[in-house]
Protein chains: 4
Amino acid sequence: MIVAMQETATEEQIQQIIEHLVRMGFSVHRTTGVRQSILAAVGARIDFDTRNLEVLPGVQEVHRISAPYKLVGRTFRPEGTVVKFANGLAIGNAEVVVMAGPCSVESREQLFTVAQQIAQAGARVLRGGAFKPRSSPYSFQGLGLEGLKLLREAGDKFGMLVISEVMEISQIEMMLPYVDILQVGARNMQNFNLLRELGKVKKPVLLKRGIAATLEELLLSGEYIMAGGNYDVILCERGIRTFETYTRNTMDISAIPIVKKLSHLPMTADPSHGTGRRDKVAPMARASVAAGADALLIEVHHDPDKALSDGAQSLFPQQFAQLMGELRMIAPAVGRKMA
Amino acid sequence: MIVAMQETATEEQIQQIIEHLVRMGFSVHRTTGVRQSILAAVGARIDFDTRNLEVLPGVQEVHRISAPYKLVGRTFRPEGTVVKFANGLAIGNAEVVVMAGPCSVESREQLFTVAQQIAQAGARVLRGGAFKPRSSPYSFQGLGLEGLKLLREAGDKFGMLVISEVMEISQIEMMLPYVDILQVGARNMQNFNLLRELGKVKKPVLLKRGIAATLEELLLSGEYIMAGGNYDVILCERGIRTFETYTRNTMDISAIPIVKKLSHLPMTADPSHGTGRRDKVAPMARASVAAGADALLIEVHHDPDKALSDGAQSLFPQQFAQLMGELRMIAPAVGRKMA
Amino acid sequence: MIVAMQETATEEQIQQIIEHLVRMGFSVHRTTGVRQSILAAVGARIDFDTRNLEVLPGVQEVHRISAPYKLVGRTFRPEGTVVKFANGLAIGNAEVVVMAGPCSVESREQLFTVAQQIAQAGARVLRGGAFKPRSSPYSFQGLGLEGLKLLREAGDKFGMLVISEVMEISQIEMMLPYVDILQVGARNMQNFNLLRELGKVKKPVLLKRGIAATLEELLLSGEYIMAGGNYDVILCERGIRTFETYTRNTMDISAIPIVKKLSHLPMTADPSHGTGRRDKVAPMARASVAAGADALLIEVHHDPDKALSDGAQSLFPQQFAQLMGELRMIAPAVGRKMA
Amino acid sequence: MIVAMQETATEEQIQQIIEHLVRMGFSVHRTTGVRQSILAAVGARIDFDTRNLEVLPGVQEVHRISAPYKLVGRTFRPEGTVVKFANGLAIGNAEVVVMAGPCSVESREQLFTVAQQIAQAGARVLRGGAFKPRSSPYSFQGLGLEGLKLLREAGDKFGMLVISEVMEISQIEMMLPYVDILQVGARNMQNFNLLRELGKVKKPVLLKRGIAATLEELLLSGEYIMAGGNYDVILCERGIRTFETYTRNTMDISAIPIVKKLSHLPMTADPSHGTGRRDKVAPMARASVAAGADALLIEVHHDPDKALSDGAQSLFPQQFAQLMGELRMIAPAVGRKMA
């Protein structure tokens, strides 16, 4: 941590800051310049709230040097994390994985119809929501356990792994027998109690970026899970909130190369939530692979107009198949191929 | 709902949209203009996802007319909601209420020291966190039940009501005997399962705006609680995320008059989280009252440098007492006085 | 325009709004529903400020139906605009054009060194700034007319067209003999006096999106130029300001497919300014082409560490050449090839 | 400037960075820690682009220590700047000044009607736009010189100073005989050529914050003017762009106390543009004074429904008079009175 003192700071103020830092467990190196003094505080604590120094008398500004995370940083595992599954599939290596399926599991017929078509087109993981707490208290809320069982059955039948979203701690146990990847949604990215529990689980976790979360905060949430012992964390960009109103969110494609540089964890993209509009999903899916994404999450529905949730952002199966073809052409440009 | 068709829309496309709307339960009025056709869809559903129409062929744009909420709207209760407590205090009438206290309950000594000083200065509600899931997995996590008991004891001793934050459904039962108001933090503003449970509770709920939540979304979350039967909902502005980096959040003071116009619910402000810096708390507290806030939430700590959380945004007790004096001068300018 | 009246609006208020609209030149159709009245106002004016109605008594909300632009809309020219140049190059057809060069023209040696290398790698337009008003009053301000002459000479020598930024009206005349495309920077996107003058010019204009401009505002600025008679307008995404701080701007790749749908004008992307960091330029350039961009603007410098401006976002010539190879692999996935 | 090297940086990389810094004119102090090396670069240059270091091999992150401005910083003039006028009025002392008037000067009758009423209510400066380049090419564009003459005449007649907006360099000369303060609008906050010319003028300049400008950028634009020799700079908050859509802009009240701390320049607020809605102007004007604003800019029109621009955000004269009464009650709470 670097503390820059104001030009007008008195020697007494500087001494107080130094003592404060020492009391917090830091060792301090002081540089006295022509205009101001600069204190470099070195120590093991990474959870120090720098604002506590900023508001003290004589302090101009404070910069944290070490990133506030350890385990998710690229240095921890420079070669990169590859999350491996029993069926041989892996996320984070040279093969780009596509996870697809409906927003919500609505019925056996719906799920199996979609699952067959996406498997045939090249999806390797089946996605679908079993719990759907909605922003309106008057909407469809999901099939629950029944949805999980259908996902497992459809995944097994069509040769796909299964991913589904966990909304709260009490659902974890129930989900474990049915899913291969536990997904944490954007609204739960900073539900630290949930993250802590997922740190104890022996299955991979896909963690989505919150709509107002910086990339540093996304990484810190990943740290929460890894700190609990679960190192199979997959990160995901799904759009942030900006002033632009044409799309529900602004998908931050640059998050992909940035996270790949800062962290060793696989970085994926969800263009369905990232744009919220069917006609923008394919361009943004292509852009994600071109920018280096390790995997994609794409919503597909065989009859989106009748979907009980998020139909507007679901591709038709034919659109999905066409997109897969385009992705197969783009992947080699970044030295990869589609899984 | 208004659906504007593209100038190039065919008659067949227009008919399909009309049929689609009728199928969804709307009745449709069509206006055929020189440039384009406009469809007015009238019906009882308020949870319709307008994007489902936006992506259909021939549609130019869709506007929802009725607000997606009913119970929280000003028309539901034009005279305004006043949340009343057994000791005679009320939030939402001509008296502005100040809720104050430390970020976290750290110890009996800390809490009672702060409580005595703020009560003397005019605080009418004691605030304090018992559960503190933190953004870093390596930080202090709160005293839990012990903290709740201390809050109740201190509140009773110094004549203040008690407010504390509920983080998850499992904590509600435990908290009810000890608190007068249940607070929902910004990160949980869209935790719909939690909101649903709070709708069944017989105690007032203070709901904070999420850092990326629009005011419409805040109102819709209030609707969730009211829809469950709990009409004692209090809303709170506590800063939103913007591009400005000097403060942690940008406190949106304009949210106060806007919510007061759109809704009958009391609207309050939290300048401590809204700014994140002690030296900005007093100006923003004054601004909130000047803009019409019904109550304030202010963090106070007798030794902020040693606070286990958020010390940087906590006022010293003397600063708090001075602020109370300033607020007493401002309140009459908006036809009110301090409770 | 649609005006939804409040449920509590009186008949007198409704009549006043109708009269107000008629006075403004609209004809009005009224629908009286169970809950509220809705007024559809039809007329030729597209510059009406809807807020004037929003603040009138009894009005709930106002929605503009027709987009506030005419000439830039896709309906005006459904087949799309192709901007053609004397040497046969075109922007907006099946060939993706790359414009490259240094941020500023610094010297003949610098410019010719870069120009030769990028031309060889496949750039078809040479970019370079002659006027560089900088955010610090203490920085390099550009070579001016001398820079324009060097650009023309280098462009001719290496077979490239020339694009350079015009900062104010007084520079237009001076620039016309030397450039093939006049570029309007993000800060001038709403300099309406400048846009009006560019509407009279007989050369294509590349208009960059402002860092806080919505896509509707970008289109409206394009309208300004077209309204003056200059239909050769090219639009450009170059990053918007968001809460994320890792990159200077967040490049909004979704702007590419959105603008292509709303407008007939060619849509291009500037990943150098869009990210501000050399190591993010190539991923975002690839993403732009994958999302359907008609052209790219890329900064290249043979010795970026010594560049007088924006060296940090300039590619080395070898990096540029490698990127061109990658783009040649991606373009066919969207049915195109590199020009 | 502080350069933190990566943990994995080689000694050779560290040496290269040191040499790079020395070549740029900095002297460098190195601290070698257990985890990483930290370089403190000290020197006179304040316009250094830190990204140039960020992209070099081995660099983890770079922090600028000294603010990139000198003249506008609080240390330059700790007692604060008071801008004084010939008639005895001053901005920046214990008296809060209100500047009011119509958005645009539309006619003699309009201007004089408004001017008389606001002067009577306590406005000390008359505002009004003479040049109105509009976002739509089809709107009223202002009276120009005739408008300036009317402003001067009305100001003199009713005992008010005059402020009006300068849009481009060519207007400065024309405006000087008629105005007491030159206003720079939000869109021109980074029009550095214009700022440079205003640095040579002998009249005060009121500089508005751009809708996407950080406070640091606002201060740097103030620096531009001061660097030219004009020290009478007044800063102004007028709303920033955020994700919230209910108001056109989100007025950042916290900018007032922040700028007052960082700079010695007077800080003012424009609640009319800050909110864009008449019914929010009074609450935000009160909030601004409560937060410490030195002056306010408020739009008033005697017949806003017929205003040629921005009628929706103009107060009626009676509303303005009532607001002045409220402000007189609030000012003493911050140790001030209304001028």
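Residues numbered from 1 in each chain as written. Chains lettered and ligands numbered in written order. Predicted model: local features only at pLDDT ≥ 70, side-chain atom pairs only at ≥ 80, totals over all residues.

1. Observations concerning the relation of the copies chain C and chain A
Superposition record for chain C on chain A: RMSD 0.0 Å, screw rotation 180°, translation along axis 0.0 Å. Accordingly, the operation relating the two chain copies is best matched by a two-fold axis. Of the C-alpha atoms belonging to chain C, the one lying closest to the rotation axis is found on C:Ala287, 1.9 Å away. (Least-squares fit on C-alpha atoms with pLDDT ≥ 70 in both.)

2. A word on the sheet that holds strand β3 (residues 37-42) of chain A
Residues and elements named next belong to chain A. Taken in spatial order, the four strands make up an open sheet running β2-β3-β1-β4, and their pairing is antiparallel. Each edge of the open sheet carries a strand with a single partner, namely β2 (27-32) and β4 (59-63). Averaged over all neighbouring strand pairs, the angle between strand axes comes to 20°, with direction disregarded. Its contacts with the sheet place helix α1 (residues 11-23) against β1 (2-5), β2, β3 and β4, and it is angled at close to 5° to β3. (Pairing = 2+ DSSP bridges. Helix = DSSP H or I, 4+ residues; strand = E, 2+ residues; numbered from the N terminus. Axes fitted to C-alpha atoms, helices over the stretch in contact; angles between N-to-C directions. Contact = placed C-beta atoms within 7 Å.)

3. Some points on the domain arrangement of chain A
Partitioning chain A into structural domains gives domain 1 (2-63) and domain 2 (74-338). Averaged C-alpha coordinates put domain 1 of chain A and domain 2 of chain A at centres separated by 43 Å. (Domains from an automatic or database assignment.)

4. Here we look at helix α7 (residues 215-227) of chain B
All names here are of chain B. Over its 13 residues, α7 extends 18 Å from the first C-alpha to the last, a length consistent with the 18 Å expected when each residue adds 1.5 Å. Those residues of α7 not exposed but buried are Leu-215, Leu-218, Leu-219, Leu-220, Ser-221, Gly-222, Glu-223, Tyr-224, Ile-225 and Met-226. At its buried positions, α7 is contacted by α6 (192-198), β11 (205-208), β12 (233-237) and α8 (255-262). Just downstream of α7, Gly-229 is the residue with a positive phi angle, here 115°. (Expected span 1.5 Å × (residues − 1). Buried ≥ 20, exposed ≤ 12 C-beta atoms within 10 Å, placed from the backbone.)

5. Some points on the pairing of strand β7 (residues 95-101) of chain D
Regular strands place their side chains on alternate faces of the sheet. All names here are of chain D. Among the seven residues of β7, six are classified as buried, and the element is accordingly described as predominantly covered. Relative to strand β15 (residues 337-338), β7 runs parallel, the two sharing two bridges. Note that in β15 the partner of Glu-95 across the bridge is Lys-337. Note that β7 and strand β14 (residues 295-299) share five bridges and pair parallel. By the bridge assignment for β14, Gly-101 is matched with Glu-299. Of the strand pairs in this sheet, β7 and strand β8 (residues 125-127) are connected by two bridges, and their pairing is parallel. Paired with Ala-100 across the two strands is Leu-126, which belongs to β8. Once you follow β7 into helix α3 (residues 108-121) and on to β8, the crossover reads as right-handed. (Right-handed = clockwise from strand over helix to strand, strands pointing away.)

6. Examining the sheet that holds strand β4 (residues 59-63) of chain B
Strands belonging to one sheet form pairs held by backbone hydrogen bonds; the direction of such a pair is parallel or antiparallel. Residues and elements named next belong to chain B. Spatially, β2-β3-β1-β4 is the arrangement adopted by the four strands of the open sheet, whose pairing is antiparallel. Across the chains shown, the open sheet's two edge strands, defined by having one partner strand only, are β2 (27-32) and β4. Each strand axis lies, on average, 20° off the axis of its neighbour in the sheet, ignoring direction. Where β2 lies against strand β3 (residues 37-42), six bridges are found, and the strand directions are antiparallel. Across the sheet, His-29 pairs through a bridge with Ala-40, a residue of β3. Where helix α1 (residues 11-23) meets the sheet, it contacts β1 (2-5), β2, β3 and β4, and its direction lies at approximately 5° from that of β3.

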